[in-house]
Amino acid sequence: SNTMYLRVRIGDIGDDLYAIFINDMSEQRRFEAVRRDFVTNVSHELKTPAGAISLLAETVTDAADDPDAVRYFSGRISKESARLTELVHHLIDLQRAQSPQGMINARRICALDVARAAIADNQVQADSRHVDICLSVNGKPVPTRLADDAVAPQVAAPMIKADREAMQTAVKNLVENAIHYSPEHTTVAVGVAERDGKVTIRVVDQGIGIPAKSLDRIFERFYRVDPARSRETGGSGLGLAITKHCVQENGGRISVWSRKGEGSTFTIELPAAADEDDESTQDGDGA
Ligand code: ADP
């Protein structure tokens, strides 16, 4: 908390001690406090899986004669190390998204390409959970994979001026969450649209939803609606913080609609690229 307590003596009213609240923490100190919290959180998040791994490794050594036990504990070791890896990757993404130098590569790019790359990054996970991902442009269904576009009618894809990697990271995290927080055999719909000079990239799921009181907190670093569930199923608690940074650094906005038990809709809104904005052809960063 950034509230300080100051006790003052007010002589006129009989030498009593009064407690008043003041809130004079300077920006600098507030920043320091946030940074300290962050480091504490990171340490905690790293320590948990790291501790589990070493414990499990000991156990698996002790259980060397029992193949079932070895299989079980090895499985848990892989799960914990996957969690550790995800956290480290997210920390790197967050660092990049927060540093002003990280986002200088704003070019005219295709929002549909961004959506497709984000979907591709999550396809294995979606398949394993039997979640169907569909994609549309201005309301018209299009294939999720570029390779299938040859047989599909061409659509004019909305263009944005943004850093390709940052936007891909932003949308990838939204799709990842949409799959993660949905029951099996549901659909995640990704929609790209352009209207009135604005491009939106929307990710809609039919998942567990987010309680109203948590809606404005989910973009905070390490905030989770259900920490116990997250511990169980993985997740770094950083995904949405990264997404928000990536979007803001590119001059966009992100909003969320959700109802508990019905699903969630995340919408990224960016200005449409002007025709004269540079095409991203110089370094051939196709995807
Ligand atoms: P995590 O790694 O825990 O998913 P995020 O920053 O990506 O961290 O998300 C923060 C929290 O917001 C999650 O722990 C979850 O409680 C909630 N959340 C995010 N996306 C969704 C979604 N599509 N449906 C339901 N809850 C979500």
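Definitions and limits used
Residues numbered from 1 in each chain as written. Predicted model: local features only at pLDDT ≥ 70, side-chain atom pairs only at ≥ 80, totals over all residues. Heavy atoms only, no water. Helix = DSSP H or I, 4+ residues; strand = E, 2+ residues; numbered from the N terminus. Buried < 20%, exposed > 50% of the residue type's maximum accessible area, 1.4 Å probe, protein only. Contact = heavy atoms within 4.5 Å. pLDDT = per-residue confidence, 0-100. Core = buried A, V, L, I, M, F, W, Y, C linked by side-chain atoms within 4.5 Å. Phe/Tyr/Trp six-rings, centres within 6.5 Å; stacked < 30°, edge-to-face > 60°. Near = heavy atom within 4 Å. Polar contact = N/O pair within 3.5 Å; in protein donor to acceptor, adjacent residues only side chain to side chain. Areas by Shrake-Rupley, 256 points an atom, 1.4 Å probe, with all protein chains shown as cover.

**Q** How should the overall build of the protein chain be read in this particular structure?
**A** Counting secondary structure elements, the protein chain contains 6 helices and 10 strands. Counting across all 287 residues of the protein chain, residues that qualify as buried make up 37%. Counting contacts in the protein chain only where the partners sit at least 6 residues apart, residues at least 24 apart contribute 69% of the total.

**Q** It is not clear to me how the side chain of Glu 80 should be interpreted in this structure. Could you clarify?
**A** Looking at where Glu 80 falls in the secondary structure, it is placed in helix H2 (residues 67-98). A residue is classified by how much of its surface remains accessible, and Glu 80, at 14% relative accessible area, is buried. Excluding residues that lie within four positions of it along the chain, Glu 80 makes contacts with Pro 49, Ala 52, Ile 53 and Leu 56.

**Q** Where do I start with the confidence of the model for the protein chain in this structure?
**A** Do not read the fine detail of predicted coordinates wherever pLDDT is low. On average, the protein chain scores 85 in pLDDT, and the residues at 70 or more come to 82%. Below a pLDDT of 50 lies the segment residues 1-22, which in the model reaches 27 contacts outside its immediate sequence neighbourhood of four places, other chains included. Note on residues 281-287: pLDDT under 50 across the span, and 9 contacts to partners over four residues away in sequence or across chains. Scoring of the predicted complex yields 0.82 for pTM and 0.98 for ipTM.

**Q** In this structure, what is going on with unusual backbone geometry? I would like to understand it.
**A** Both trends apply: most residues other than glycine have a negative phi, and most peptide bonds are in trans. With phi around 45°, Asn 138 is a residue other than glycine that occupies positive phi space. As for its placement among the helices and strands, Asn 138 is situated in the loop between strand E4 (132-137) and strand E5 (140-142). Phi is positive for His 185, close to 60°, though the residue is something other than glycine. Examined against the element boundaries, His 185 turns out to sit in the loop between helix H4 (164-180) and strand E7 (187-195). On the basis of relative accessible area, His 185 is assigned to the exposed category, the value being 62%.

**Q** Which parts of the structure should I look at to understand the side chain of Ser 136?
**A** Examined against the element boundaries, Ser 136 turns out to sit in strand E4. Its relative accessible area of 19% is what places Ser 136 among the buried residues. With sequence-adjacent residues up to four places away left out, Ser 136 is seen in contact with Pro 141, Val 142, Val 190, Gly 191 and Val 192.

**Q** Help me understand the environment of Cys 110 in this model?
**A** Relative to the helices and strands, Cys 110 is located in strand E3 (residues 106-110). With 52 residues separating them along the chain, Cys 110 and Ala 162 place their C-alpha atoms 9.5 Å apart. Once you skip the residues sitting within four places of it in the chain, Cys 110 turns out to touch Ala 157, Pro 158 and Met 159.

**Q** Can you walk me through the nonpolar core in this structure?
**A** Ile 160, Met 167, Val 190, Phe 266 and Ile 268 are the most contacted members of the largest nonpolar core, which totals 51 residues. With 8 residues, H4 is the largest single contributor of residues to this core. Every residue in contact with Val 190, bar those within four places of it in the chain, is listed here: Ala 115, Ile 119, Ile 133, Cys 134, Leu 135, Ser 136, Val 175, Arg 202 and Val 203. Listed in part, the 5 residues of the second largest apolar core include Leu 56, Val 60, Ala 63 and Ala 69.

**Q** Help me understand the packing of aromatic side chains, please; the structure alone is not making it clear to me.
**A** Aromatic ring pairs are reported here in terms of the distance separating the ring centres and the angle at which the planes meet. Counting across every chain of the model gives 3 aromatic pairs. Ring plane angle 70° and centroid distance 5.1 Å describe the contact between Tyr 72 and Phe 73, whose orientation is recorded as edge-to-face.

**Q** I keep staring at the site of the ligand and nothing clicks. Help me out?
**A** In the vicinity of the ligand there are 20 residues, among which Asn 177, Tyr 181, Asp 205, Ser 236 and Gly 237 approach most closely. For the ligand, an oxygen atom lies 2.8 Å from a polar atom in the backbone of Ser 236. Across the complex, the protein chains shield 97% of the 520 Å² of accessible surface that the ligand would expose by itself.

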